[in-house]
Amino acid sequence: MGELSKKIGEHGERVVLEFLKMIGWAAPGDGETLQCNKPDKHAKKEGSPRTTHGIDLFFPHKSQLEDFTISNAIISVKYTSKPYPSPPNNKFKEHITDLSQTIECFARSELRDQSNREYEGLGIRRSNDTGVLFWFSGNRDSEQDVVGKVAGVILDKELDFSSIQVIDNARAAFIYNSIITARRIYDTCELNFHYAFNSSNYTDQGIEKYGKILPLEYITSPIIPMRLIDKSNNKQKFCISTIENFSEDAMKRLLNFASDISQDFSQEFIFIFTQYDELEDKSIVNKCIRSLGERSSLFDVKVHCSNGDFRGLINEQ
């Protein structure tokens, strides 16, 4: 049983590594061990003080959404061949507790200091330490949206962390499907993630308008904005993938959003929904385009449906 658990854990970590490569989080640190700064508070059982914390994966990178900021992603990988537990609350709290305690000790670690030193000379003023929990089930009949089931869970008030992002099967599938659908249909284009500009990131001249790294802030977002750049002529298409099913309301909102923020680089819009039927929904798309009034003639709009399975990133062992 122990060897089986080890194989399942290794399989899960390989799935996550391939997933991270897909979103531009290349070459993350792995197998890091931290000294525990609060051995009694973090003890797994009373009378057995904790000495260390293990970090499965670690990905520090310069934020593209906050001025002069480093984002330290402390990644925990939990993978099971069984369905998600029902109810999942206790196991969820166990995973969050372990990760939050790791983050708490990471804040005072040499690993954090070393990571921040790597970005000296970039005018960095702050760093954000964010936990990322990849909680995957290899069971294809399992309820995939486990995050929705734990949304109301009350965590221990003593847990000390600023932010933890949780990626379950449903969230991973959305990100994976968004990327592979855009790449498959627009295979002559280079895919980049679009970086939104706002009051938090307008003074840092080192921030790019788009790039290969999916921002940590986007990893649980309901939309993923992308720029598809034609390799032959460098023309850009603006692509938005949404976790929503197709509807008239969603189409109108995304059309207005796209037209507002892409005026300086593209008038070609691509929308990817989790569900969309060309025969049934094309007339609604045309109606939404007409609602733009005089602007409607300016835009070239295409709509697609996503599909796929992120667990196929590696071959089953």
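Described in the following lines is the structure provided in the data block. (Residues numbered from 1 in each chain as written. Predicted model: local features only at pLDDT ≥ 70, side-chain atom pairs only at ≥ 80, totals over all residues. Heavy atoms only, no water.)

1. A short note on the overall build of the protein chain
Then step 1. Of regular secondary structure, the protein chain possesses seven helices and 11 strands.
Then step 2. A compact globule built from 317 residues should have a C-alpha radius of gyration of about 20 Å, and the protein chain, at 21 Å, falls within 12% of that.
Then step 3. The principal-axis extents of the C-alpha atoms in the protein chain amount to approximately 70 × 50 × 35 Å.
Then step 4. Out of the 317 residues belonging to the protein chain, those deemed buried represent 48%.
Then step 5. Considering only residue pairs separated by 6 or more positions, the protein chain has 75% of its internal contacts joining residues 24 or more positions apart.
Then step 6. Carbon together with sulfur atoms contributes 47% to the accessible area of the protein chain, which is approximately 16100 Å² in total.
Then step 7. Here the protein chain holds 39 positive side-chain charges and 46 negative ones, and the gap between their average locations is 1 Å. (Helix = DSSP H or I, 4+ residues; strand = E, 2+ residues; numbered from the N terminus. Rg over C-alpha atoms; globule rule 2.2 N^0.38 Å. Buried < 20%, exposed > 50% of the residue type's maximum accessible area, 1.4 Å probe, protein only. Contact = heavy atoms within 4.5 Å. Areas by Shrake-Rupley, 256 points an atom, 1.4 Å probe, with all protein chains shown as cover. Lys, Arg positive; Asp, Glu negative; His and termini not counted. Charge placed at Lys NZ, Arg CZ, Asp CG, Glu CD.)

2. Concerning the sheet that holds strand β8 (residues 223-230)
Then step 1. Overall, mixed pairing links the six strands, which are arranged β7-β6-β8-β9-β10-β11 in an open sheet. Of all strands in the sheet, those bounded by a partner on one side alone are β7 (210-211) and β11 (300-305).
Then step 2. Pairing between strand β6 (residues 189-194) and β8: five bridges, direction antiparallel. Pairing of Glu190 across the sheet is with Ile229, part of β8.
Then step 3. Against the sheet, helix α5 (residues 169-185) touches β6, β8, β9 (236-242), β10 (268-273) and β11, its axis set at about 20° to β8.
Then step 4. Running over the sheet, helix α6 (residues 248-261) touches β6, β8, β9, β10 and β11 and is turned about 145° from β10. (Pairing = 2+ DSSP bridges. Axes fitted to C-alpha atoms, helices over the stretch in contact; angles between N-to-C directions.)

3. Notes on helix α3 (residues 110-117)
Then step 1. Along α3, the positions that sit buried rather than exposed are Leu111, Arg112 and Ser115. Seen from one end, α3 has its buried residues packed into an arc of 100°, which puts them on one side.
Then step 2. Residues of α3 that are buried make contact with β1 (29-35), β2 (52-62), β3 (69-80), α2 (89-106) and β4 (126-137). (Arc of directions from axis to C-beta.)

4. As for the nonpolar core
When a protein is soluble and globular, its nonpolar side chains tend to lie buried together.
Then step 1. Counting residues in each nonpolar core, the largest one holds 39 residues, and the members touching the most others are Ile23, Trp25, Ile75, Phe134 and Ile175.
Then step 2. Of all elements in the fold, only α1 (2-22), β2, β3, β4, α5, β6, β8 and β10 reach the threshold of two or more residues within this core.
Then step 3. Counting residues per element, this core draws most heavily on α5, which supplies six residues.
Then step 4. Dropping the residues within four chain positions of it, Ile75 is found in contact with Leu20, Trp25, Ile55, Asp56, Leu57, Phe59, Val132 and Phe134. (Core = buried A, V, L, I, M, F, W, Y, C linked by side-chain atoms within 4.5 Å.)

5. Focus on the packing of aromatic side chains
Then step 1. Taken as a whole, this structure holds 11 aromatic pairs when the rule is applied.
Then step 2. Between Phe246 and Tyr276 the ring centres are 5.1 Å apart and the planes differ by 65°, which places this aromatic pair in the edge-to-face class. With Phe246 in the loop between β9 and α6 and Tyr276 in the loop between β10 and α7 (278-290), this pair connects stretches of sequence that are 30 residues apart.
Then step 3. Since its relative accessible area comes to 13%, Tyr276 is described here as buried.
Then step 4. A cation over an aromatic ring shows up here: Arg227 above the ring of Phe265, its NZ or CZ 3.5 Å from the ring centre. (Phe/Tyr/Trp six-rings, centres within 6.5 Å; stacked < 30°, edge-to-face > 60°. Lys NZ or Arg CZ within 6 Å of the ring centre and 35° of its normal.)

6. With respect to the environment of Arg140
Then step 1. With respect to the secondary-structure elements, Arg140 resides in the loop between β4 and α4 (146-149).
Then step 2. Residue classification places Arg140 among the partly exposed positions, given a relative accessible area of 45%.
Then step 3. Counting along the chain gives 146 residues from Arg140 to Asn286, while the straight-line C-alpha distance between them is 36 Å.

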